[in-house]
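Listed here are the chains, written in short residue letters.
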Amino acid sequence: MAVAVQLPALSPTMTEGRITKWLKNEGDKVSSGTEIAECETDKSNLAIEAYDDGVLLKILVKAGDSAPVGSTIAWIGKAGEQVPDVAPAAPAPAPAAAPAAAKPAAAAAPVPAKPAPVAAPRPPPPPPVPVASASRLRASPLAKKVAAAQGVDLSAVQGSGPNGRIVRRDVEAALEAKPATGFPRAPGVRLPPQSLPVSTMRKVIAQRLTEVKPGVPHFYLNVDIEMDRALELREQAKAQELKISVNDIIVKAVGVAVRRFPRINQVFAGDVIQQLQTVDVGVAVAIEDGLITPIVKDADQKGLAEIAQEVRELAERAKRKALKPDEYTGGSITVSNLGMFGIDSFIAVINPPQASILAVGKVEPKVVVRDGQMVIRQMMSMTFSGDHRVVDGAVGAQFLKIVRELLEQPMRLLF
């Protein structure tokens, strides 16, 4: 029996996608795991895999056309099998049950009932999705990657995606369901977030502040940072033929500061606050039609040279829309640097689900007072935007203090 190929959600914010290219033609043989098409999402270009063996019988969404997530874009089945030329219509939602009428105080005179209209025959329900065998697991590429990293046995995970396909949220749900006795993890494996209860005070703060400022209630803190020694460090790296930018030093400093002050490494998740167990720093990158924030994972543990190389690679692939979803989703905090465009200072909007972002201005010489004397120092403005449901002003101030100390004494980043 032919199987419909449905457009998967290739990123958390994806609602539709545009097929940029079909990698297989009608009549070609395909097998589970074969990449059959390329899809442009709201963030990047990603491959669509087949989850069944057979022949690509019919392509319903041509290259260049768009389709909503979950819609049928092609059919796979046995050679010569007949399939529709159009996508199957989604079943109409069942009408909501009418509320029960209040019992009348007195019996009313009977009213002749009108003959009930004859309902149109409902289409038969879709056949149940068979449970995938261990040899032919239906799982998205991202789900497979997360499962491999966390040591999750996919054969024990129930899929919630199209045709029972296992997606990332299924793997994360399995991890959360068995935090202690669940799946084995190898040493050094990145740990998932830990859910913390939201206190009554924190719930009231979240409610009151979102009433005043809907969505994410922002607050802002600003600090001026002396960057002379950070610039010296960059020159020393250059003498060693290491290409390190000021922004790379900032990313490293922010990563170390988050590790030293984990209170800042939390996100608001409705009924709970998630304490993140990894330090992943986003770097805002301007692309042709918008902005994307690739993530430097474990930024606190990486050296400056490694961060510099990774940021360059991520930025280059971001501009080509070649990032994978796990390379731009999540994260602890984002650094948005407009200093290279000559901006003195600015305020950045938080990148959900993160609870904070740092807006960085240009480094320029300014007259400042040191030990009662006017001197010239290379100064940089940094503005912290915080989600007040999670972070308070004092918390943000303590975090900024650590960042400033690290940038003004950057040798601390090397130890």
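Quick note: structure is the one above.
Residues numbered from 1 in each chain as written. Predicted model: local features only at pLDDT ≥ 70, side-chain atom pairs only at ≥ 80, totals over all residues. Heavy atoms only, no water.

Caption draft 1: Layout of the sheet that holds strand S5 (residues 45–49). Pairing is antiparallel in the open sheet, where 4 strands are placed in the order S5-S4-S2-S7. With one partner strand each, in any of the chains shown, S5 and strand S7 (66–68) form the two edges of the open sheet. Each neighbouring strand pair of the sheet contributes to a mean axis angle of 40°, computed without reference to strand direction. Alignment of strand S2 (residues 16–22) against S7, held across 3 bridges, turns out to be antiparallel. The partner of Glu-16 across the bridge, within S7, is Pro-68. (Pairing = 2+ DSSP bridges. Helix = DSSP H or I, 4+ residues; strand = E, 2+ residues; numbered from the N terminus. Axes fitted to C-alpha atoms, helices over the stretch in contact; angles between N-to-C directions.)

Caption draft 2: The arrangement of the pattern of salt bridges in detail. Counted according to the given criterion, the structure contains 18 salt bridges. Between Arg-370 and Glu-226 there is a salt bridge, with its nearest N and O atoms 2.8 Å apart. Highlighted residues: Arg-370 in strand S18 (residues 356–370) and Glu-226 in strand S10 (residues 218–226), separated in sequence by 144 residues. Under the relative-accessibility criterion, Arg-370 is labelled partly exposed at 31%. A salt bridge links Glu-316 to Arg-320; the nearest nitrogen and oxygen atoms lie 2.6 Å apart. Residue Glu-316 is classed as partly exposed on the basis of its relative accessible area of 40%. For Arg-320, a relative accessible area of 47% corresponds to the partly exposed category. (Salt bridge = Lys/Arg side-chain N within 4 Å of Asp/Glu carboxyl O. Buried < 20%, exposed > 50% of the residue type's maximum accessible area, 1.4 Å probe, protein only.)

Caption draft 3: A look at unusual backbone geometry. The omega angle of the peptide bond from Pro-352 to Pro-353 is 5°, so this bond is cis rather than trans. For Pro-353, the location among the structural elements is in the loop between strand S17 (333–337) and S18. One non-glycine residue, Glu-241, lies in the positive phi region at around 60°. As for its position among the elements, Glu-241 is in the loop between helix H4 (228–239) and helix H5 (246–260). Look at Lys-321: it is not a glycine, yet its phi comes out positive at around 55°. Here Lys-321 shows up in the loop between helix H6 (304–319) and S17.

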